[in-house]
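# Topology and contacts: notes
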Amino acid sequence: MQHGVDEVKRRNCLLDIYIDVNLERYFSVLSNDADPFFIVNMSGKLAYVNKHCELLLKCPKIELEKLFLNDLFSPTFIDESQSFFHQKSRDKLINFDSKITLKSREFMDVNVTAFPILFDKEVVGNYVVLEDITMIKRERELLAEKQAVAGQLAAGIAHEIRNPITAIKGFLQLIMSEYTGDMMYFKVVESEINRIEGILKELMILAKPNQTHYEEVNIHVLLEQVLALMESQALLYNVEVEKKYRFTDETIIGDQNQLKQVFINYIKNAIEAMPNGGSLFIEGSYSDISWVQIRVIDQGGGIPSDIIGRIHEPFFTTKESGTGLGMSVSYQIIEEHKGKVKIMSNTQGTCVEVQLPMVT
């Protein structure tokens, strides 16, 4: 037991040297960076706090550097998934949402990114970067409320439309089986009925998502299958697909059909954003050791800044024949897979970035 205590003390001393020698002299840019962060030693004590962290936590540096992790993070909001707080997991990057107890005894919703500090090839502590997500969390709650209302509305609409459409389709097929003339107009009507049924299917996914079947999914294989399906549409729009993968056999846990639906939607949107042709880039890499990152990048005209914030709202669309459900459903699926979606756009094109937790 004493040996373990001595080892922690030794590494804490190394961290103090690291801070004195490196952080203050050479890493002054990092210490003055806009991101609030602190450094924690192997005992869980705050060894260094930057000025932005002082402002965020509304507490002076001299007081914060007397605190331990348990003084900031209430055990109520710490579970096994947030394993940064376990000694055995201090040597890897971890990201999670939690709550911090402020000096006023109020709680703040934060996103926490923790990654190890190596000194002489040993883990001697951790950087802990904080992001206030109070507004983001509220926006998520509002979006969830909107989706719930939209789901109820969608279920009612789908139910009312499905019955007459089924009858119309049945009688159309009966007439077509007996008709011997030109079938062109019948085919147009049948095609439009099928399109309505496709919209109804999207409505029902929004109203009551299908039961998910989670399994290990090879993300490289899944992307290749999706691109094979979208190849004909890319050719139709004179779009050249360029792939750049930095992974091969990495797997994620997810519902293969739902994830295919997501990437088909993003790639379809990217192709349609380039009616005069262009290049579509599909990039696959790692955002860190435990996440895969997939980017779908087009060379279209971009999404206006006043619209991009509403892109995941149910029924919001700028397309004349769009339902406004594709992006909303896709976002919902990625959220259910514990992933993240980020959309960046300017007049040169749009990038949809999806991050999913990887099987490690």
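Provided above is the structure to which this section pertains.
Keep in mind that what you see is a predicted model, and the values were worked out from it rather than measured.

### Some thoughts on unusual backbone geometry
- Here N238, not a glycine, exhibits a phi torsion of approximately 60 degrees, which is positive.
- Unlike most non-glycine residues, K338 shows phi in positive territory, near 60 degrees.
- Its place among the elements puts K338 in the loop between α11 (326-336) and β11 (340-346).
- Given a relative accessible area of 64%, K338 falls into the exposed group.

### So, the environment of V262
- With respect to the helices and strands, the residue V262 is situated in helix α9 (residues 256-272).
- In this structure the C-alpha to C-alpha distance between V262 and G326, which are 64 residues apart in sequence, comes to 8.2 Å.
- Once you skip the residues sitting within four places of it in the chain, V262 turns out to touch S330, I333 and I334.

### Section: the sheet that holds β11
- The five strands are arranged β7-β9-β10-β12-β11 in an open sheet whose pairing can be described as mixed. A single partner strand is all that each edge strand has here, and the edge strands are β7 (239-245) and β11. Sheet twist, expressed as the average angle between the axes of neighbouring strands with direction ignored, equals 15 degrees.
- Here strand β9 (residues 278-288) runs beside strand β10 (residues 291-297); their pairing, made up of seven bridges, is antiparallel. Residue pairing across strands places Y286 opposite V292, the latter belonging to β10.
- Along the sheet, α11 contacts β11 and β12 (349-357); its crossing angle with β11, the most-contacted strand, is approximately 140 degrees.

### Side note on the packing of helix α8 (residues 219-236) against α9
- With their axes 9 Å apart at the nearest point, α8 and α9 run at an angle of 40 degrees to one another. Judged on the interaxial angle alone, α9 and α8 are oblique. Both α8 and α9 take part in a crossing whose hand is right-handed. Residues I219, L222, L223, Q225, V226, L227, L229, M230, Q233 and A234 of α8 form the contact with α9, whose participating residues are Q256, L259, K260, F263, I264, I267, K268, I271 and E272.
- By residue class, the composition of the contact of α8 with α9 is 13 nonpolar, three polar and three charged.

Definitions and cut-offs
- Residues numbered from 1 in each chain as written.
- Predicted model: local features only at pLDDT ≥ 70, side-chain atom pairs only at ≥ 80, totals over all residues.
- Heavy atoms only, no water.
- Helix = DSSP H or I, 4+ residues; strand = E, 2+ residues; numbered from the N terminus.
- Buried < 20%, exposed > 50% of the residue type's maximum accessible area, 1.4 Å probe, protein only.
- Contact = heavy atoms within 4.5 Å.
- Pairing = 2+ DSSP bridges.
- Axes fitted to C-alpha atoms, helices over the stretch in contact; angles between N-to-C directions.
- Parallel < 35°, antiparallel > 145°, perpendicular 65-115°, else oblique.
- Left-handed = near helix turned anticlockwise from the far one by under 90°.
- Nonpolar A, V, L, I, M, F, W, Y, C, P; charged D, E, K, R; others polar.

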